[in-house]
Amino acid sequence: MSNKSVSTTATNTSAISRRLPLFSIIAILVALIIYVQWPEAQQEKSSFKRVVAVKMVSVVLAEFIESVEAVGTARANEQVMITSKYSDIVDEVYFDDGQKVNKGAVLVKLNNLEELAKVNELKANLSESKAHLQRLAELLLSRATSESLVEQQEAKTKAIEAQLVSAEAKFNDLTIRAPFTGVLGFREVSKGAYIDAGSVITSLDDLSIIKVDFYLPERLLTHIHVGQQISAVNSAYHDKKFIGKISAIDSRIDVSTRSIKVRATINNKALKLRPGMLLNISVLLQVENILQLPESSIIPIEDKHYVFVEKDNKAVRKAIKIGRRHPGMVEVLSGLVAGEQVVVEGALKLRDGSALSIIAQDAEETAAKVKSPVENGSKN
């Protein structure tokens, strides 16, 4: 029995000895795998501690221009179609297409020989009638004529005077003049042409002032008033703004659209605007000093808004409350103070506590944005 036990023990020892190299190889392989994977694990772990390059911007206290936009069509300050009151032949045309004329300038003269003869005849008749009336008045003083004859002559004289006034009016109407200073349109008649009463000769527009009518919601009735500043833009002039003011507000609200009609006037001495142009109108509602930030610095999460600030070269996430917006800028109601620096570029790479490397602090760019011209303001 003892010999058998010794033999079994020896056999087990021999088997372990034979497998020892295999165990050694496995141990070496495991160690090698751990050695190879260890730098990657360390690198992955250290990646969360990388330094993020960011651009900072200051919170500024600046003017916030709140406005509302509308669309309107340009109209001349005064506009009229020049027509003939009578039918006749055109004797002379005194203007060219697009000419600027002053009030009272002669535009067209129609054939007026017949009317001129009529005026001269009535003037002669009136002169004779007045002389006869004078003689009768002298005879009446000496009782050489009756009072009824004098009265009849007075009536005859007044009738001739009335006829003369009518004839002179018709004579003057055959000379067509500009009713106000302005710019003429295209000439529609030629010398020698026969025109009918009501025929269009040309158009006349006073372009020194441009009127524009537009509609605003009735809720803004208490925010607008006569004299309020507006700006207008037309596609022909790209980003050029024409400044004007509200000249009138309609006394009624449109019952179908619940909007109110507003009229504004724009100085147009340079004659750049023309009637019929489509104008995009911005009405300046109010200007106030408020804290502002570039819109790109705000990080919305659900119904809250955050920004990243820097403290000890690390990112600190701050909750803020925002208000009105206009393109590129946001009003800061609470959470920040003027002059405080916030991350404007690189914020999406940050987490609370991330290491920061500030590459730029752009306060001038922010100031330029908040000094932009009239923009449309809205509530967030």
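All values derive from a computational prediction rather than experimental measurement.

This paragraph deals with the overall build of the protein. Across its full length, the protein carries four helices and 19 strands. Taking all 380 residues of the protein together, 34% fall into the buried category. At a minimum sequence separation of 6, the contacts of the protein that also span at least 24 residues come to 76%. Of the roughly 23,600 Å² of accessible surface on the protein, 53% is carried by carbon and sulfur atoms.

Our next topic: the packing of aromatic side chains. Throughout the structure, instances matching the rule amount to one aromatic pair. A ring pair is formed by Tyr237 and Phe242, whose centres lie 5.5 Å apart and whose planes are at 75 degrees; its orientation type is edge-to-face. Sitting over the ring of Tyr86, Lys170 keeps its end group 5.3 Å from the ring centre.

Pairing is antiparallel in the open sheet, where four strands are placed in the order β6-β5-β3-β8. Single-partner strands in this sheet number two, and they are β6 (175-177) and β8 (194-195).

The next thing to look at is unusual backbone geometry. The backbone of Glu302 sits at a positive phi, close to 55 degrees, despite the residue not being glycine. Counting through the fold element by element, Glu302 comes out in the loop between β14 (299-301) and β15 (304-311). Notably, Asn313 is not glycine yet its phi reads approximately 60 degrees, a positive angle. Its location among the elements puts Asn313 in the loop between β15 and β16 (314-326).

Mean pLDDT over the protein works out to 82, with 84% of the residues at or above the 70 mark. Within the model, the stretch residues 43-48 combines pLDDT values under 50 with one contact to residues more than four positions away or in other chains. A low-confidence stretch, residues 371-380 stays under pLDDT 50, and its non-local contacts, those more than four residues away or across chains, total 34 contacts.

Counting across every chain of the model gives twelve salt bridges. With a shortest N-O distance of 3.8 Å, Glu161 and Lys130 are connected by a salt bridge. With Glu161 in helix α3 (residues 147-173) and Lys130 in helix α2 (residues 113-141), the pair connects residues that are 31 residues apart, well separated along the chain. Judged by relative accessible area, which is 31%, Glu161 ranks as partly exposed. When salt bridges with common partners are traced through the structure, they connect Arg75, Asp213, Lys261 and Arg263 into a single cluster.

For Phe64, the position within the fold is in strand β2 (residues 60-83). Accessibility expressed as a relative area gives 0% for Phe64, which makes it buried. Separated by 262 residues in sequence, Phe64 and His326 place their C-alpha atoms 8.5 Å apart. If we skip the residues at most four places from it in the chain, Phe64 touches Gln286, Val287, Glu288, Ile290, Gln292, Arg324, Arg325 and His326.

This part takes up α2. Given a rise of 1.5 Å per residue, 29 residues ought to cover 42 Å, and the 43 Å separating the end C-alpha atoms of α2 matches this to within 8%. Taken together, the buried positions of α2 are Glu115, Val119, Leu122, Leu126, Ser129, Leu133 and Leu136. Residues of α2 that are buried sit in contact with α3.

What follows deals with the nonpolar core. Within the largest apolar cluster, 25 residues are counted, with the highest numbers of intra-cluster contacts made by Phe214, Leu216, Ile266, Leu279, Ile281 and Val283. Among the secondary structure elements, those contributing two or more residues to this core are β2, β9 (200-217), β10 (229-233), β11 (242-254), β12 (259-267) and β13 (278-294). Sorting elements by how many residues they give to this core places β9 first, with five residues.

Helix-helix packing is characterised by the crossing angle of the two axes and by the distance between the axes. Where α2 meets α3, the closest approach of the two axes is 9 Å, and the angle between their N-to-C directions is 160 degrees. Considered as vectors, α2 and α3 are oriented roughly antiparallel to each other. Remark: the crossing between α2 and α3 carries left-handed chirality.

Let us now look at the pairing of strand β1 (residues 51-58). Burial analysis of β1 places six of its eight residues in the buried class, the great majority of the element. With four bridges connecting them, β1 and strand β18 (residues 341-345) associate as antiparallel partners. Residue pairing for β18: Met56 is matched across the bridge by Val343.

With respect to the element layout, Asp173 can be found in helix α3. For Asp173, a relative accessible area of 28% puts it in the partly exposed group. Taking C-alpha positions, Asp173 is 7.0 Å from Lys85, a pair spaced 88 residues apart along the chain. Contact partners of Asp173, with chain neighbours within four places excluded, come to Lys85 and Tyr86. A distance of 3.4 Å separates a polar atom in the side chain of Asp173 from a polar atom in the side chain of Lys85.

Conventions adopted
Residues numbered from 1 in each chain as written. Predicted model: local features only at pLDDT ≥ 70, side-chain atom pairs only at ≥ 80, totals over all residues. Heavy atoms only, no water. Helix = DSSP H or I, 4+ residues; strand = E, 2+ residues; numbered from the N terminus. Buried < 20%, exposed > 50% of the residue type's maximum accessible area, 1.4 Å probe, protein only. Contact = heavy atoms within 4.5 Å. Areas by Shrake-Rupley, 256 points an atom, 1.4 Å probe, with all protein chains shown as cover. Phe/Tyr/Trp six-rings, centres within 6.5 Å; stacked < 30°, edge-to-face > 60°. Lys NZ or Arg CZ within 6 Å of the ring centre and 35° of its normal. Pairing = 2+ DSSP bridges. pLDDT = per-residue confidence, 0-100. Salt bridge = Lys/Arg side-chain N within 4 Å of Asp/Glu carboxyl O. Expected span 1.5 Å × (residues − 1). Core = buried A, V, L, I, M, F, W, Y, C linked by side-chain atoms within 4.5 Å. Axes fitted to C-alpha atoms, helices over the stretch in contact; angles between N-to-C directions. Parallel < 35°, antiparallel > 145°, perpendicular 65-115°, else oblique. Left-handed = near helix turned anticlockwise from the far one by under 90°. Polar contact = N/O pair within 3.5 Å; in protein donor to acceptor, adjacent residues only side chain to side chain.

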